[in-house]
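Descriptive structure summary
This is what each chain is made of:
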Protein chains: 2
Amino acid sequence: MPAALRAAGAAKAALRPAMAARVVSPARPFTTVGAYRLAAVKPFHKDEPAGPILKTKSLPGPESTRHIKELTESFETRSLNMMVDYTKSVGNYIADPDGNMLLDVYAQIASIPVGYNNPELAKVAKSPEMVDAIINRPALGNFPSHTWASILKTGILKYAPKGFDNVYTAMAGSDANEIAFKAAFMYRRQLERGGPDVDFTPEEIESAMRNEAPGSPNLSILSFKGSFHGRLFGTLSCTRSKPIHKIDIPAFDWPQATFPQLKYPLEQHAEENAKAEQASIDEVEQLIKTWRVPPAAVIVEPIQSEGGDNHASPAFFQKLREVTRKHDVLLIADEVQTGIGATGKFWAHEHWNLQDPPDMVTFSKKAQTAGYYYRTKALRPNKPYRQFNTWMGDPAKALLFRGICNEIDRHDLVNHTAKVGNYLFTKLEGLAQKYPEHFKNLRGKGQGTFIAFDNPKRDEFLAKAKSFGVNIGGSGTTAVRLRPMLTFQQHHADILIDAMEKIVKAL
Amino acid sequence: MPAALRAAGAAKAALRPAMAARVVSPARPFTTVGAYRLAAVKPFHKDEPAGPILKTKSLPGPESTRHIKELTESFETRSLNMMVDYTKSVGNYIADPDGNMLLDVYAQIASIPVGYNNPELAKVAKSPEMVDAIINRPALGNFPSHTWASILKTGILKYAPKGFDNVYTAMAGSDANEIAFKAAFMYRRQLERGGPDVDFTPEEIESAMRNEAPGSPNLSILSFKGSFHGRLFGTLSCTRSKPIHKIDIPAFDWPQATFPQLKYPLEQHAEENAKAEQASIDEVEQLIKTWRVPPAAVIVEPIQSEGGDNHASPAFFQKLREVTRKHDVLLIADEVQTGIGATGKFWAHEHWNLQDPPDMVTFSKKAQTAGYYYRTKALRPNKPYRQFNTWMGDPAKALLFRGICNEIDRHDLVNHTAKVGNYLFTKLEGLAQKYPEHFKNLRGKGQGTFIAFDNPKRDEFLAKAKSFGVNIGGSGTTAVRLRPMLTFQQHHADILIDAMEKIVKAL
């Protein structure tokens, strides 16, 4: 028996059903009630059920169906995955209006950090500071609160990547990336113009109002095939993951480089993977030198997420830093999905061990707020109102992020996630050995719970998951992506592994 | 004595200083304490001071200065207008950390609807629903709450413009406009393709991933010179108000039409104004027919706000509707600044009396949430995930908007604003007669409190305003724009008029 399987077996024994669980028969999978006694480990969420609870034969149940019908009258529901009762959701469990409770390892597209109805976040939400922030929302660039510096220092900036002590706040990942792009363009033009003190020419001023060069410069952002950076017009020009995101929407003539397509297991393909990475770096350099719309910055996800959980090695990112530095092109790490602990480090780019970090790091999702960190004041535009909008972020969400960071601290959740990720990965290796056709290209080793694998019947896999009590998401065309919260624990991993084995048996 | 002046005098008499106000001497304007006894009218905010309170000789005072210095270390402060203590702000009065309280007719760039620390909004902010919305933020397109349909119906949709029963929610005005643009492009391509059931071609799919036509089509949004629609890459390509917004940022090759430059007073320039409007309509039609990147939509503000409070007549907008309809080009009314009551109607485009309303109406600012309303399900893209992002809005802000709408209802604030706007306008006409060089091109008659005028020393005017106890904003290059909250009352108008007279005397 391989070690991985022995470990899995031992863990399963530790879990022990508290009562004889109603047997999961393929004929009646939906009536299963998973009832587990928790292992000795202290749960972060004491009100969580011991396991998934399935009350209806299928999802959506009748109550959910009624709510979906009502919502369809006025809102987009064709992308609806599950109708949710958030008041009954708790910790890692998402509830629906029919009383079903699923273990949620999708977590609102990787954006819930520390569990549903986290009591500490509820305290933050009820605090006088939060009430003030909600009902007196400031235009932060013009009329900041006297508490704003302190909110930044104790929250958003406390967990800034090392070397970054400045931030522009935003509302979501997409606009965070776009303001980072704007900073990159202004920085580049400033270099070309001869420094921050050189004024705009009348020609620049006049042509900018006509959307023409030189005022509206012929510059680009380079991104990678398979990347996702958002769906506004600038970010969508960089997003290259799926046609459904892009089709019919005008785009800038910006370049894309091939992202290395690593082969798994990594140990067995070291040489060809290294070659793929070098080829990608060479292509980046070639595009920087020759693309008809010169790049002012390269934007890259530490792990391509929407695009199918595509990884690259630290060596790749080190070279990417070198080649961008060499050509005076800025490097933006898009940590919207990878940031805030899920990879076992607070920021995924910490895995790269760079001497010279990225120039900007963008964040959102689990931060519940958004923005970009920057290292040098040179990336603060040379005049006011160049990087400006009405709200420029939201103190209410900044307070929430501070509360999230405090929860991360209190439970040491980043290190916890590194450990539970290793545990989960080992168990997945066991499943992959047992069902190699269902757990292909298992990836994310040493990357916390940021784990994925390919399944040839991926969509069916995800649909069936609900009937076994788990909510799982996909990415790319065939990837099952795991995006548990930071409070995902060993006993949740056991339930998940158990459910996934049942899913593939039923496929 | 002209009627306007008599009315102003009578109103001033009704106000009566409660005590002999310390005389405003030009030498010591900063020590003035305005102390007014309220007229018989019932104040909406019972805890408001009777008038502005000035505690420091100048703004920023020492406490504010200390906070500004602290914030400058990590955040953009060069655009800072005033450091604010929101906990001490109340109703129409904005407070700073030094104890100064100014009558605020700028209201966070026109985004505070019903007063600082509104107690009814505080109740909403403390409600269990709000706490739930804050700590369990959903990915609305995938995992909406079972309460979402009801939140929409009782809030965002309850006050939808007549004929609009669908909405896509967003986070701020800029992304609301961009998703409206995307809807327009998808709609246009769908028409060209032959309807919603005609599938994308392999060529479209493949070219979209390269940001090239036909997948990324050669289409545009037509906007007007002087317009402001946001500062993301798509919206900034439409924004044409100031070079500082646009310079160094790549832009799409989209067309701009001249917005009619009306002359005031309108009665004296009826003929030439009508000609200017017709010329603008002709230019729109010409651009629709001939611009090298064909427009899928025209976006227009009912009143150009950032661009200097530029108005056009209902006849202009009626013709704009006709010409867009004639050429199958969509019409988007950008009501981000004009919406939610400030013009004396809930939506400013109601002033146009259109039989055939705009196709989409975008909103944000005073709504505290954002999105676009649309009239026909044909503007809902033909497949899921075409109009999608992680959060797709924010239930917490939607709850806040519902609370705002309830306040508007409770006090009939839209009609109130129409009336107090007329009162204010009449008094301004009085000032304009007395000081014609300081109150030029007075505009916004019959448009609630959405009033502006030009002043040759505008920046000095705005700076001096604080020393007379009022916070006022500008727009364009010479306009003083008034953007009071909806709870701005007659006695506030009297204080404002009094302060403005002092300001121009001191210029």
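No experiment lies behind these values; they were computed from the predicted model shown.

Reading the values: the criteria
Residues numbered from 1 in each chain as written. Chains lettered and ligands numbered in written order. Predicted model: local features only at pLDDT ≥ 70, side-chain atom pairs only at ≥ 80, totals over all residues. Heavy atoms only, no water. Salt bridge = Lys/Arg side-chain N within 4 Å of Asp/Glu carboxyl O. Helix = DSSP H or I, 4+ residues; strand = E, 2+ residues; numbered from the N terminus. Buried < 20%, exposed > 50% of the residue type's maximum accessible area, 1.4 Å probe, protein only. Axes fitted to C-alpha atoms, helices over the stretch in contact; angles between N-to-C directions. Parallel < 35°, antiparallel > 145°, perpendicular 65-115°, else oblique. Contact = heavy atoms within 4.5 Å. Nonpolar A, V, L, I, M, F, W, Y, C, P; charged D, E, K, R; others polar. Buried area = accessible area lost by both parts, 1.4 Å probe. Polar contact = N/O pair within 3.5 Å; in protein donor to acceptor, adjacent residues only side chain to side chain. Domains from an automatic or database assignment. Core = buried A, V, L, I, M, F, W, Y, C linked by side-chain atoms within 4.5 Å. Pairing = 2+ DSSP bridges. Least-squares fit on C-alpha atoms with pLDDT ≥ 70 in both. Disulfide = S-S within 2.5 Å. Phe/Tyr/Trp six-rings, centres within 6.5 Å; stacked < 30°, edge-to-face > 60°. Lys NZ or Arg CZ within 6 Å of the ring centre and 35° of its normal. pLDDT = per-residue confidence, 0-100. Left-handed = near helix turned anticlockwise from the far one by under 90°.

Right, let's talk about the pattern of salt bridges for a bit. Applying the stated criterion to the full structure yields 76 salt bridges over all chains. Note that arginine 325 of chain B and aspartate 359 of chain B form a salt bridge whose closest N and O atoms lie 3.3 Å from each other. Of this pair, arginine 325 of chain B sits in helix H12 (residues 314–326) while aspartate 359 of chain B sits in the loop between strand E7 (330–334) and strand E8 (360–363), placing them 34 residues apart in sequence. A salt bridge links arginine 443 of chain B to aspartate 454 of chain B; the nearest nitrogen and oxygen atoms lie 3.1 Å apart. With arginine 443 of chain B in strand E10 (residues 440–443) and aspartate 454 of chain B in strand E11 (residues 451–454), this residue pair connects regions lying 11 residues apart in the sequence. Of the residues examined, arginine 443 of chain B reaches a relative accessible area of 4% and is grouped as buried. Owing to a relative accessible area of 11%, aspartate 454 of chain B belongs among the buried residues under this scheme. Residues participating in the shared-partner salt-bridge network are Arg188, Arg189, Glu192, Arg193, Glu204 and Arg386 of chain A together with Asp248 of chain B.

Another aspect to go through is the packing of helix H5 (residues 128–135) of chain A against helix H13 (residues 395–411) of chain A. Residues and elements named next belong to chain A. Closest axis-to-axis distance for the H5/H13 pair is 8 Å, and the angle between their directions is 150°. Between H5 and H13, the interaxial angle falls into the category roughly antiparallel. Where H5 abuts H13, its residues Glu129, Met130, Ala133 and Ile134 lie against Pro395, Ala396, Leu399, Leu400 and Arg402. Here the residues of the contact of H5 with H13 sort into seven nonpolar, no polar and two charged.

What follows covers the interface of chain A and chain B. Interface extent is often summarised as the accessible area lost during association of the parts. In this assembly, 124 residues from chain A lie in contact with 124 residues from chain B. A buried area of about 11,100 Å², summed over both sides, lies between chain A and chain B, and 60% of it is on carbon and sulfur atoms. Linking chain A with chain B are 12 salt bridges, by the criterion used here. Two residues, arginine 292 of chain B and glutamate 212 of chain A, come together in a salt bridge whose shortest N-O distance is 3.6 Å. The interface formed by chain A and chain B includes 68 residue pairs in polar contact (both at pLDDT 80 or more). Looking at side-chain class alone, the side of chain A that touches chain B contains 61 nonpolar, 32 polar and 31 charged residues.

Residue and element names in this part refer to chain A. Once the domains are mapped, chain A shows domain 1 (62–117 + 419–505) and domain 2 (122–410). Measuring from the centre of the C-alpha atoms in domain 1 to the corresponding centre in domain 2 gives 27 Å. On the domain 2 side, the residues contacting the 23 residues of domain 1 number 23 residues. In total, about 1,900 Å² of surface goes out of reach between domain 1 and domain 2, with carbon and sulfur atoms giving 57% of it. The partner of arginine 481 in a salt bridge is glutamate 306, and the shortest N-O contact between them spans 2.9 Å.

With that settled, consider the nonpolar core. Ranked by size, the top nonpolar core spans 224 residues in total, and within it Leu320, Met360 and Tyr373 of chain A together with Leu320, Met360 and Tyr373 of chain B carry the most contacts. The next biggest cluster of nonpolar side chains, apart from the first, holds 36 residues, and it includes Leu424, Phe425, Leu496 and Leu507 of chain B.

Right, let's talk about the sheet that holds strand E1 (residues 93–95) of chain B for a bit. In space, the three strands of this open sheet follow the order E1-E2-E12 (chain B), with mixed pairing throughout. Unpaired on one side and paired on the other, E1 and strand E12 (470–471) of chain B mark the two borders of the sheet.

Further remarks concern the relation of the copies chain A and chain B. Rotating chain A by 180° and translating it 0.0 Å along the rotation axis places it on chain B, where the RMSD comes to 0.0 Å. Both copies are brought into coincidence by an operation consistent with a two-fold rotation axis.

What follows concerns the sheet that holds strand E14 (residues 479–482) of chain A. All names here are of chain A. Strand order in the open sheet formed by four strands is E10-E11-E14-E13, with antiparallel pairing between adjacent strands. Both outer strands of the open sheet, strand E10 (440–443) and strand E13 (473–475), are each paired with one neighbouring strand and no more. Put simply, the sheet's adjacent strands are angled 25° from each other on average, direction ignored. Pairing between E10 and strand E11 (residues 451–454): two bridges, direction antiparallel. Its bridge partner being in E11, lysine 440 is matched across the sheet by aspartate 454.

For the coordinates displayed, the defined rule picks out zero disulfides over all chains. Between cysteine 238 of chain A, a cysteine without a disulfide, and cysteine 238 of chain B, which holds the nearest cysteine sulfur, the sulfur-to-sulfur distance is 19 Å. The exposure class of cysteine 238 of chain A is buried, given its relative accessible area of 0%.

Taken as a whole, this structure holds 55 aromatic pairs over all chains when the rule is applied. Geometrically, the ring pair formed by phenylalanine 252 of chain A and tryptophan 254 of chain A is stacked, given 4.8 Å between the ring centres and 10° between the ring planes. For the residue pair phenylalanine 252 of chain A and tryptophan 254 of chain A, the accessibility class agrees, reading buried in each case. Note on tyrosine 385 of chain B and phenylalanine 388 of chain B: the rings are 4.6 Å apart at their centroids and 55° apart in plane angle, and the pair reads as tilted. Among the residues examined, tyrosine 385 of chain B registers a relative accessible area of 33% and is labelled partly exposed. Among the aromatic side chains, those forming a connected cluster through ring pairs are Phe181, Phe185, Phe233, Phe252 and Trp254 of chain A together with Phe181, Phe185, Phe233, Phe252 and Trp254 of chain B. One Lys or Arg, lysine 383 of chain B, reaches over the ring of phenylalanine 200 of chain B and ends 5.5 Å from the middle of that ring.

Below, the discussion takes up the pairing of strand E2 (residues 101–104) of chain A. Residues and elements named next belong to chain A. Side chains Met101 and Leu103 project from E2 onto one buried face, and the interleaved Leu102 and Asp104 project onto a second face that is buried too. The sheet contact formed by strand E1 (residues 93–95) and E2 spans three bridges and is antiparallel. Within E2, the position partnered with tyrosine 93 by the bridge is leucine 103. Adjacent in sequence and paired antiparallel, E1 and E2 are bridged by five residues, among which glycine 99 carries a positive phi angle near 90°. Sheet topology places E2 next to strand E12 (residues 470–471); two bridges connect them, and they run parallel. Each residue of the ladder has a partner; that of aspartate 104, found in E12, is asparagine 471.

For proline 202 of chain A, the position within the fold is in helix H8 (residues 202–209). Along the chain, proline 202 of chain A and glycine 215 of chain A lie 13 residues apart, while their C-alpha atoms are 9.3 Å from each other.

On to the confidence of the model for chain A. All names here are of chain A. Of the residues in chain A, 92% have a pLDDT of 70 or more, and the chain-wide mean is 92. Segment residues 1–39: pLDDT under 50, and 57 contacts once partners within four positions in sequence are set aside and those in other chains are kept. Scored by ipTM, the complex comes to 0.92, with pTM at 0.93.

Relative to each other, helix H4 (residues 119–126) of chain A and helix H5 (residues 128–135) of chain B sit at 120°, their axes nearing to 9 Å. By the angle between their axes, H4 of chain A is oblique relative to H5 of chain B. H5 of chain B is crossed by H4 of chain A, and the crossing has right-handed handedness. In this structure, H4 of chain A uses Leu121, Ala122, Ala125 and Lys126 of chain A to contact H5 of chain B, whose residues at the interface are Val131, Ile134 and Ile135 of chain B. Grouping the amino acids of the contact of H4 of chain A with H5 of chain B by side-chain chemistry returns six nonpolar, no polar and one charged.

Residues and elements named next belong to chain A. Along the chain, lysine 505 falls in helix H16 (residues 490–506). Taking relative accessible area as the criterion, lysine 505 reaches 59% and is therefore assigned exposed. Residues lysine 505 and tryptophan 391, 114 residues apart in the sequence, show an inter-C-alpha distance of 51 Å.

Structurally, the position occupied by threonine 169 of chain A is in strand E3 (residues 166–170). A polar contact of 2.6 Å, which involves the side chain of threonine 169 of chain A, links it to the backbone oxygen of methionine 392 of chain A. Those residues in contact with threonine 169 of chain A that lie beyond four places of it in its chain are Leu140, Trp148, Leu152, Ile156, Ile179, Ala370, Gly371, Met392 and Gly393 of chain A together with Phe75 of chain B.

All names here are of chain A. Structurally, the position occupied by alanine 133 is in helix H5. Each C-alpha atom of the pair alanine 133 and proline 395 lies 5.8 Å from the other, and the pair is 262 residues apart in sequence. The contacts of alanine 133, once residues within four sequence positions are left out, are Pro395, Ala396 and Leu399.

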